[in-house]
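Here are the chains, one letter per residue:
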Amino acid sequence: MASVGVATVVCSLVARQGWLDTHFLPSFFLSRDSYVLVESAIRLATAGFGLGLVLIARRAGRSIGKNPGLSLCVAIAALLAVGASELVLRRMHLLATMEEPPQKEPRRRRDPRLGWVFVPSRTGYRNINGRNIEYAIDALGYRVRRVDDAVEPERPTILFTGESMMVGEGLTWDETIPAQVNAILGVQCADLAVSGFASDQAYLRLDTDLPRFRRPVAVVSLFMSAIFDRNLDDDRPHLGPGLVWLPAESRWRLARIGQFLLPYRNRDTIERGIGVTREVLHATINLARARGAVPVILVLQFTPEQLVEHELRRRILDETGLPYLFVQLDSSWRIPGNGHPDARATRAISVAIADQLRGELVSTDLVK
């Protein structure tokens, strides 16, 4: 126990901010200052825990020596508790992004290829900050204004891929990015995004659904350094190097919870994630261009870009020559208590997308 305590204290001292920045990636929902504060608090708590082990080691040794039978029973009980917890957790639906209850709107269901998708042909409601937000999902699994106001694949269409920010988490339909781009340009917009998706899932969804559309005009995809960490999850169906589809990795559920609470990433995992993300974004652009659609990689930044975020953007986008639309937003333009972009942010994003597409599509006579 004393050795473990000493090792814990040493680890807390060695884990300086540079090391933490290397192995704990940026968070979208926490500012840089808040993230550093949390990391510092954990370092102090870890050091305190280690010192506590050192201080009680001698007393614990005496107790074990006096009552070895009781100590053995405690050890067996702890092992049985771990086993029982694992068995219970295996009966639950825990995927990499299922951090929200399954009853949360818009509801999701399992999908063997993508991991999960929205439950189609239903309308759900959720109260967010006193507003009753309606989520209407059509038969194709896209968010729409009303279930009976479904996307028409025969019409010229701008396709949007991504996750909850593109879905419009906490926003009415008219406040979402696809709805506002539609209002500005007058071109039908299809929202293919699904809450919790990583870049590879968004690409797979596009690869499956793009052939449905007779005349895709543009494809708008999303990348953010602050949610890159999601691309590294492998406890869901995912793409590996070479864009090879891989099933979810089978791991202990307790280990998954530990990863969620302590999101440590080693260098090899990060490097592999950077490589696969490059491939995914390249493939997304090629998929759009092959159908004559204009590709737009939307890159959002809410807080001043930190060094780690800049390096991810440089290595994934700039070094590979991927074209993208960078939009800097006011850090206060978020839904209180939710963290997602509010209506002001989605308006600014929609105007930037419309301006980018208007120049590309002016010769098609489709835009206003």
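See the structure shown above.
Residues numbered from 1 in each chain as written. Predicted model: local features only at pLDDT ≥ 70, side-chain atom pairs only at ≥ 80, totals over all residues. Heavy atoms only, no water.

A short note on helix H11 (residues 343–361)
With 19 residues, H11 ought to run about 27 Å at 1.5 Å a step, and its terminal C-alpha atoms sit 26 Å apart, in line with that. When we look at burial in H11, the residues that qualify are Ala 345, Thr 346, Ile 349, Ser 350, Ile 353, Ala 354, Leu 357 and Leu 361. Within H11, the buried residues cover an arc of 160° as seen down the axis, which keeps them to one side. Summarising the contacts, the buried residues of H11 are in contact with strand E6 (157–160), helix H6 (177–185), strand E8 (216–223), strand E11 (294–301) and strand E12 (325–328). (Helix = DSSP H or I, 4+ residues; strand = E, 2+ residues; numbered from the N terminus. Expected span 1.5 Å × (residues − 1). Buried < 20%, exposed > 50% of the residue type's maximum accessible area, 1.4 Å probe, protein only. Arc of directions from axis to C-beta. Contact = heavy atoms within 4.5 Å.)

Some points on the nonpolar core
Within the largest apolar cluster, 61 residues are counted, with the highest numbers of intra-cluster contacts made by Ile 158, Phe 160, Met 224, Leu 298, Leu 300, Ile 353 and Leu 357. By residue number, the principal contributor to this core is H11, which donates six residues. (Core = buried A, V, L, I, M, F, W, Y, C linked by side-chain atoms within 4.5 Å.)

Things to note about the pattern of salt bridges
Pairing between side chains of opposite charge can happen when their charged atoms approach one another. Under the defined criterion, the tally for this structure stands at 21 salt bridges. Across the salt bridge formed by Asp 209 and Arg 205, the nearest N and O atoms sit 3.2 Å from each other. Placement of both Asp 209 and Arg 205 in helix H7 (residues 199–209) is noted, with a separation of four residues, approximately one turn of the helix. In this structure Arg 205 comes out as buried when scored by relative accessible area, which is 5%. Note that Asp 342 is salt-bridged to Arg 344, the shortest N-O span being 2.7 Å. Using a relative accessible area of 10% as the deciding quantity, one classes Asp 342 as buried. (Salt bridge = Lys/Arg side-chain N within 4 Å of Asp/Glu carboxyl O.)

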